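Inside the fold
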Amino acid sequence: MRDFMQKHSYNAVRLFINQIAISIFGLVLAIACGKVENDTLKIITSGGAIIFYLFLTYAAMWEVGSKDKFGIDNGTKKAMPLAGLYVALLSNSLNLLLAIVILACNFVPEGTALYTAGALAKVIALFIEGMYTGLLSIDVGGMSLNNYWLSYFVIIIPSLITSALAYWCGTKGYHFSKILIPENPEDAEIRREKKKARKKEQ
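A short tour of the structure in this document, coming up. These figures come from a predicted structure and were not determined experimentally.

Turning to the nonpolar core, a few remarks are in order. Core analysis: the largest hydrophobic core is formed by 13 residues, its most contacted members being Leu15, Met61, Trp62, Val87, Ala166 and Tyr167. Residue assignment for this core shows that the elements contributing at least two residues are α1 (2-35), α2 (39-73), α3 (83-91) and α8 (157-172). If sequence neighbours within four positions are ignored, Tyr167 has contacts with Met61, Trp62, Val64, Gly65, Asp68, Ile72, Met80, Pro81, Ala83 and Gly84. If you look at the next biggest cluster of nonpolar residues, it comprises 10 residues, including Ala49, Tyr53, Leu54 and Tyr132.

Take the layout of surface pockets next. Counted as a void, the second largest pocket has a volume near 160 Å³. Taken together, Asp3, Phe4, Lys7, His8, Asp68, Lys77, Lys78, Met80, Ala83 and Tyr167 make up the full set of residues lining the second largest pocket. At four residues, α1 tops the list of elements feeding residues into the lining of the second largest pocket. Taken together, the residues of the lining of the second largest pocket sort by class into four nonpolar, one polar and five charged.

On to the packing of aromatic side chains, then. Applying the stated criterion across every chain yields a total of one aromatic pair. With a centroid separation of 6.0 Å and an interplanar angle of 85°, the aromatic rings of Trp149 and Phe153 are classed as edge-to-face. Residue classification places Trp149 among the partly exposed residues on the basis of a relative accessible area of 29%.

The rules behind each value
Residues numbered from 1 in each chain as written. Predicted model: local features only at pLDDT ≥ 70, side-chain atom pairs only at ≥ 80, totals over all residues. Heavy atoms only, no water. Core = buried A, V, L, I, M, F, W, Y, C linked by side-chain atoms within 4.5 Å. Buried < 20%, exposed > 50% of the residue type's maximum accessible area, 1.4 Å probe, protein only. Helix = DSSP H or I, 4+ residues; strand = E, 2+ residues; numbered from the N terminus. Contact = heavy atoms within 4.5 Å. 1 Å grid on protein atoms, 1.4 Å probe; cavity = no way out; pocket = protein on both sides within 12 Å on 5 of 7 lines; lining within 4 Å. Points joined across faces, edges and corners; volume = space filled by probe spheres on them. Nonpolar A, V, L, I, M, F, W, Y, C, P; charged D, E, K, R; others polar. Phe/Tyr/Trp six-rings, centres within 6.5 Å; stacked < 30°, edge-to-face > 60°.

Following this line, the structure appears as structure tokens:
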């Protein structure tokens, strides 16, 4: 497990940096929509930010899986189908910790130090997962979703699923889109040869 963490620590940090970048983007959109008092637009922009975040996650983890594919195919690397999920769990470790703190502090009386710690954890979670701010503002059962402890676990799930799926697709050579996915040398050479052939024909 230590070797896995050492090998993929960079990938986990990369995913977390992507998360922070899109979080700030999502927060800016949410604040802008809040100023114009347009809840529908807030939800739509939040959904867009989430999709963009998951797309970046997919692209990053597909690349990792694609790099591991060569070693897996020639037998020098052991196949780990759930490696993408493990990397995502590493990158989401702070999100998970905050969710656990929010859960634990949800059942203590108001005004206590633990209750205050839970409230602070919510603020931090909403800041580093700001792309979900618009969706978490939806009112359900008389309270916005950001007041339910379960919400802070649920919003982690899309990242875990996307990362696991992207890595597996990368190791198999499958992809839903070539956007943001690096072109392998063979494909690049084929593309260059086709360009040369078209120029000669002209």
